[in-house]
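Architecture and fold: a report
Here is how the chains run, residue by residue.
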Amino acid sequence: MSDIDVLIAGAGPIGLTAAIELSRRAIRFRIVDPLLEPPQYAKAVGVQPRTIEIFEGMGVARQILDGSIPLIGQLVYVNGEQTGRMEMSLPSDVPFESVAIPQYATERILTEHLRSLGGQVERGTQLTAFTQDDDGVTATLTSEGGEETVRARYLIGCDGAHSIVRKTLGLTFEGGAFTEQYMLGDVEVDWSLPRGYAIRATHQTDGKVDDALICIPLPGRHRYRMSMLVPDDLASAPTGDKIAHGFEGSRKPELHHIQDVLDRLAPEPTTASNLRWSSVFRISHRIVDAYSKGRVFIAGDAAHIHPPTGAQGMNTGIQDAHNLAWKLALAVDGIAADGLLDSYDLERRPVGEEVVGRTVRSAREGIGAGQKDPTYVARREAQLLIDYSDSPVVTPTLADGEGPVPGTRAPDSTGLRRESVVPDVRLYSLLSRRDHTTLIYAEDGADVNAFESLADLITTAAHGRMDVYVVAAPDAEVGDTTLPVLRDAAGEFARLYSPSPSEAFVLRPDGYLGYRGDSAAGITEHLRRIFR
């Protein structure tokens, strides 16, 4: 029997994210997947700005951007007439825009990065059973070579909609399924529509949609992943377990099936070619009743499934794994406060519930239907409005004020300057994304000795897992200090954060604000929510 800290079941984007984040923190893990080779299809293709921020911290943002195409917006057509145009523009505190990249490319990039960190996916190996006790999990792994028993302190189920981990835990997976059956195709077309726009074209009779075509751009020339209703000759009854979600059917759509739909719904006459991959699929919408039980956790499609509208599924799952990994690492190292791991379910399950409900509505009515503020829609779809303010490991702000509220994403300030660096720097480019970071705002005449004492205090409280920076106002004279200083040369930090003199901001490894205030007692009390 082998002993490890964490066993990860499933090596899709969610399992790979968990593995990379654990590897960055020197946690012993194994990641297994029953497939001998990763699938080569463009299933999940949209990567949201919030996820690219995560990828930047993981060290793979450059590779993702190199292999992707920008998602600029969406063009909407009803009965052949253009009825809408949505631009996915974002404010200056967001450094990235949405992109599209085939899931197989994302998985390849993550797998290669994991390998560079010393990790390896064990393919052809499946988790088939497990039990847990107060001290850990005993799991059975099955491969061509037979069965193996593994003892792990924790187990993460990233094993998809038909999750063995979820079923073994006995968790409920309530929801329903769309009656329609759909087909996907990865094709090229010769139309003149602008690059980087998703296309939603429907036919309506008496206000009801009875035919639909959704096209998401992919890297290449006029290449799209297209989804549409399945024709009668490809339709089939649901198979497998009661979760009617994902690919099914023995027959694959051919190019003429896709061309038939384009002939009916394309905004202009076009010819499809170069069919790389196609499939028939069904959509369910379900949410699990708990994201964890004991020492076992689930993430991604194992916890929530829903329509692909708005490219929310993979992104939500990646953020599940990212949220869990830093907390799990502290627990493995023996420095997590009691209840820190419980915050995973308390923070992420409400997000899953909102995403499931919203994507079902968007699938029926279109993204942003009923909303009049396009900026709000863009930020919401980019997953920048997630709010953990009710989390027990977030300290709420007592007084109403300006700037970010604890539990929300910390804005990524630009225009910062530091000694020995010529160009201005972004705040997020300075964060380790592995440990916590405290930013202390200094105006002219600030007591830097007090800042240094505070830094010693909170670094000790965080068991050394804390970086501390002084952010100095544009004209502030802070004198000599042992702390690194960032100069808010453009005043952008002050504009985004609205800091009071000597106010401290504690940023979590995932980029969310955990605390803001100017009390040493307050900040140490906050850290006791996270660290033992």
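Higher on the page you've got the structure.
Read on for an overview of the structure. (Residues numbered from 1 in each chain as written. Predicted model: local features only at pLDDT ≥ 70, side-chain atom pairs only at ≥ 80, totals over all residues. Heavy atoms only, no water.)

This paragraph deals with the pairing of strand 10 (residues 137-143). Direction of pairing for strand 9 (residues 125-132) relative to strand 10: antiparallel, over a ladder of seven bridges. The residue bridging Ala129 from the neighbouring strand is Thr140, located in strand 10. Hairpin connection of strand 9 to strand 10: four residues between the antiparallel strands. In terms of strand pairing, strand 10 meets strand 11 (residues 146-157) through seven bridges, oriented antiparallel. Its bridge partner lying in strand 11, Val137 is registered against Ala152. The antiparallel pairing of strand 10 with strand 11 creates a hairpin that spans two residues between the two strands. (Pairing = 2+ DSSP bridges. Helix = DSSP H or I, 4+ residues; strand = E, 2+ residues; numbered from the N terminus.)

Strand order in the open sheet formed by six strands is 21-24-23-22-25-26, and the pairing between neighbours is mixed. In the strand order of this sheet, the two ends are held by strand 21 (416-417) and strand 26 (513-517), each with one partner. Inspection of the sheet shows strand 25 (residues 504-507) paired to strand 26 by four bridges, in the antiparallel sense. Opposite Ala504, over in strand 26, you have Gly517 as the bridge partner.

For the rest of this paragraph, the subject is the pattern of salt bridges. Enumeration according to the criterion identifies 36 salt bridges in this entry. Asp320 is paired through a salt bridge with Arg348; the nearest N and O atoms lie 2.8 Å apart. Linking Asp320 in helix 7 (residues 313-332) with Arg348 in helix 8 (residues 342-365), this pair joins segments that are 28 residues apart in sequence. For Asp320, a relative accessible area of 0% puts it in the buried group. What you see here is one network of salt bridges that share partners, running through Glu56, Asp412, Arg426 and Arg433. (Salt bridge = Lys/Arg side-chain N within 4 Å of Asp/Glu carboxyl O. Buried < 20%, exposed > 50% of the residue type's maximum accessible area, 1.4 Å probe, protein only.)

Next up on the list: the nonpolar core. Of all hydrophobic cores here, the largest spans 119 residues; its most connected members are Val6 and Ile8. In terms of residue count, helix 7 provides more of this core than any other element does, eleven residues in total. Here Val6 is in contact with Leu22, Ile27, Arg28, Phe29, Arg30, Ala152, Tyr154, Ile156, Leu328 and Val332, once residues within four sequence places are set aside. Within the second largest apolar cluster, 24 residues are counted, among which are Tyr197, Leu213, Met226 and Leu265. (Core = buried A, V, L, I, M, F, W, Y, C linked by side-chain atoms within 4.5 Å. Contact = heavy atoms within 4.5 Å.)

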